[in-house]
Amino acid sequence: MGEQNPVIACARQGAKKYKEEELAYIRRFASIDSPSLDEEASRTTVEVVEEMLGKLSGIQIQREYAPGCGYNVIARLKPEHPDGKIVLSAHTDTVFRRGEAAAHPYHEEGDRAYGLGVADCKGGLVVSIYAVRIMQEAGLLPNKEIVFLFTCDEEVGAPSGNKVFQRELEGTDMAFFFEPSREENGVLTQRKGWCRVMADVTGRQAHTGINYLDGRSAITEIAHLIQRFYESAVPEQGIYFNAGKVENDDPLNIVSGHACVEFCVRVANKADMDTVYRIVDKLEKEPPYIDGVSRAFRIEPHLPMERTKANVALYEKVRSIGQLLGHQLPEQKSGGSGDASFFAYHGIPTVDGLGVYMYKIHSVEESMRISSVEEKTCLFGTILGCLDSL
């Protein structure tokens, strides 16, 4: 195809036309604190999202309140007789605390734009909306219902986002996620999931100087559990238990009566998740290290995105369009989890990493490649314009 192809020509022209407008929105996002589980911050962010969506003709926008989490946005473009449904998704929350956006303001250096959340995931969110806008204005959208799902709690495991995804599974033909693109412009067909493993121990308090031996230290039991989980690693599967959080409120002069620990363990597939469950079950059945304590275990799974035939087939379509535009777009995987896993886990053809090119996300040095805004908008615009013929 090439420049003579009307789809590519329109996508290129539109991406060039709206580049500065897209950058202005990304700059606005970078000035807003948007930590997970902050309802006020979520509302402020969502107002900007709705402003962008409102520029699409015929869009139906729903703002859904999730108590304790924030606001999710579900927006629909639906032709009169749609031939299927596609989902476009990005998240609106970041890992940064209140005040950090002002402490690390947006700025540009050459082809790099620095700002918290510019790549993860505000840049991709902007790209998804403007790609649709460009192709709508050109009359080249596919004859499919397009559903935008912008969720507010991806960075903490999507407790409310997953409920939104569950409702939209039915009828979805394919899903595109706009987390940032990464090394070599890769597109993701697989992601690791993770499990949060929680152990809660109840012991018996006692005075450390008067009747220490009457106590049953919950902290000591927790220390033993950390060691046992460490010893239960399965290196050949990449399964390691990281004790990331230990809590206890007892003062120093009291034998601990209660303590808890949380582990994070990454899983690549369903088989790995089953392994984690078996390990936890085995340790739960072992007798406590400290006589007289009680223990309770709980697992909170976060699904992996496995490399399925359906994901690869969709990726190949994306790759072929990328080649027409002069981009290689290698297939890649990520050790980090993400919302795309939900759709892929339930058998929906899914690809991720269609957002702007990232550098050092989850750090105050986060930045994106400015030229990738136009590049990725053009890419997904072309995907949309070619979707009915693929």
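Up top is the structure.
Here the residue numbers are simple positions, counted from 1 along each chain's written sequence. Totals for whole chains, interfaces and linings use every residue, but because this is a predicted model, local features are given only for residues with pLDDT of at least 70 and side-chain atom pairs only at 80 or more, for both listing and counting. Note that the side-chain values use all heavy atoms of the structure and ignore hydrogens as well as water.

(A) Just the overall build of the chain, in detail. Scanning the chain for helices and strands turns up 10 helices and 18 strands. Relative to the 2.2 N^0.38 estimate, which gives 21 Å for 390 residues, the radius of gyration of the chain is 24 Å and therefore close to what a compact globule would have. Taken along the three principal axes of its C-alpha coordinates, the chain extends 85 × 45 × 40 Å. The classification of residues rests on relative accessible area computed with a 1.4 Å probe and restricted to protein chains. Under 20% of the type maximum is buried, over 50% is exposed, and intermediate values are partly exposed. The buried share of the chain, reckoned over its 390 residues, is 54%. In the chain, the proportion of contacts linking residues at least 24 apart, taken out of those at least 6 apart, comes to 79%. Note on areas: Shrake-Rupley with a 1.4 Å probe; residue coverage comes only from the protein chains shown. Here the chain has roughly 16900 Å² of accessible surface; of this, 49% comes from carbon and sulfur atoms. Between the mean site of the 43 positive side-chain charges and the mean site of the 57 negative ones, the chain shows a separation of 3 Å. Secondary structure follows DSSP: runs of H or I at least 4 residues long count as helices, runs of E at least 2 residues long count as strands, and numbering of each begins at the N terminus. Here the radius of gyration uses the C-alpha set of atoms, whereas the globule reference equals 2.2 Å times the residue count to the power 0.38. Two residues form a contact once any of their heavy atoms are found within 4.5 Å. Counting rule applied: Lys, Arg positive; Asp, Glu negative; His and chain ends not counted. For charged residues, the charge sits on one atom: NZ in Lys, CZ in Arg, CG in Asp, CD in Glu.

(B) Layout of the packing of helix 4 (residues 118-137) against helix 10 (residues 371-386). Between helix 4 and helix 10, the shortest axis-to-axis distance is 8 Å and the interhelical angle comes to 50°. Viewed along their axes, helix 4 and helix 10 adopt a mutual orientation that is oblique. Read as a crossing pair, helix 4 and helix 10 show a hand that is right-handed. Contacts between helix 4 and helix 10 pair V127, Y130, A131, V132, I134 and M135 from the former with V373, K376, T377, F380, G381, L384 and G385 from the latter. For this classification, Asp, Glu, Lys and Arg are treated as charged, while Ala, Val, Leu, Ile, Met, Phe, Trp, Tyr, Cys and Pro are nonpolar and the rest, including Gly, are polar. Classifying every residue of the contact of helix 4 with helix 10 gives nine nonpolar, three polar and one charged. The axes are straight lines fitted to the C-alpha atoms, using for helices just the contacting stretch, and the angles between their N-to-C directions are given from 0 to 180°. Should an angle fall under 35 degrees it is taken as roughly parallel, and over 145 as roughly antiparallel, whereas 65 to 115 is taken as roughly perpendicular and any remaining angle as oblique. Take the far helix as your reference; a near helix turned counterclockwise from it by less than a right angle gives a left-handed crossing, and one turned clockwise gives a right-handed crossing.

(C) Geometry of the state of the cysteines. To count as a disulfide, a pair of cysteine sulfur atoms needs to be within 2.5 Å. Tallying each qualifying case throughout the model produces zero disulfides. This cysteine, C195, is not joined by any disulfide, and C264 carries the nearest cysteine sulfur, 8.7 Å off. C378 provides the cysteine sulfur closest to C386, a residue in no disulfide bond, and the two sulfurs are 10 Å apart. For C386, a relative accessible area of 7% gives the class buried.

(D) Focus on the sheet that holds strand 9 (residues 193-202). Here a strand pair is declared whenever DSSP counts at least two bridges between the two strands. Strand order in this open sheet of four strands is 11-13-9-14, and the pairing throughout is antiparallel. Every interior strand has two partners, whereas the edge strands, strand 11 (242-247) and strand 14 (294-302), have only one. The mean inter-strand angle of the sheet, taken between neighbouring strand axes irrespective of direction, is 20°. Taken together, the 10 bridges between strand 9 and strand 13 (residues 258-267) define a ladder with antiparallel strand orientation.

(E) Looking closely at the nonpolar core. Counting 66 residues, the largest nonpolar core has L53, L88, F148, F150, F176, M368 and F380 as the members making the most contacts within it. With 12 residues, the single largest contributor to this core is helix 4. Those residues in contact with L53 that sit more than four places away from it in its chain are I59, I61, V73, A75, I129, F148 and F150. Core analysis: the next-biggest nonpolar cluster, separate from the first, contains 25 residues, C195, V234, V261 and I299 among them. Think of a nonpolar core as a cluster: buried Ala, Val, Leu, Ile, Met, Phe, Trp, Tyr and Cys residues, connected wherever their side-chain atoms sit within 4.5 Å.

(F) Quick peek at the sheet that holds strand 6 (residues 145-151). Sheet architecture is open: six strands sit in the order 1-2-6-3-7-16, paired in mixed fashion. Strands with a single pairing partner mark the edges of an open sheet, and in this sheet they are strand 1 (60-66) and strand 16 (350-351). Direction of pairing for strand 3 (residues 85-91) relative to strand 7 (residues 172-177): parallel, over a ladder of five bridges. Bridge pairing links L88 to F176 in strand 7.

(G) Molecular detail of the environment of V118. Among the structural elements, V118 can be located in helix 4. A C-alpha to C-alpha distance of 8.6 Å links V118 and M358, two positions 240 residues apart in sequence. Those residues in contact with V118, other than ones at most four positions away along the chain, are I26, A30, Y106, A113, G123, V356, E366, S367 and M368.

(H) Structural view of the environment of V356. Following the sequence through the fold, V356 ends up in the loop between strand 16 and strand 17 (358-359). With relative accessibility at 0%, the residue V356 sits in the buried group. For the pair formed by V356 and F29, sequence separation is 327 residues and the distance between their alpha carbons is 14 Å. Ignoring anything within four residues of it in the chain, the contact list for V356 reads V118, A119, G123, G124, V127, P180, S181, M368, S372, V373 and K376.

(I) Here's a closer look at the packing of helix 1 (residues 6-30) against helix 2 (residues 39-53). Their axes nearest at 10 Å, the elements helix 1 and helix 2 cross at an angle of 170°. Considering their axes alone, helix 1 and helix 2 lie roughly antiparallel with respect to each other. When helix 1 is examined against helix 2, the residues Y25, R28 and F29 are found in contact with a partner set consisting of T45, V48, V49, E51 and M52.

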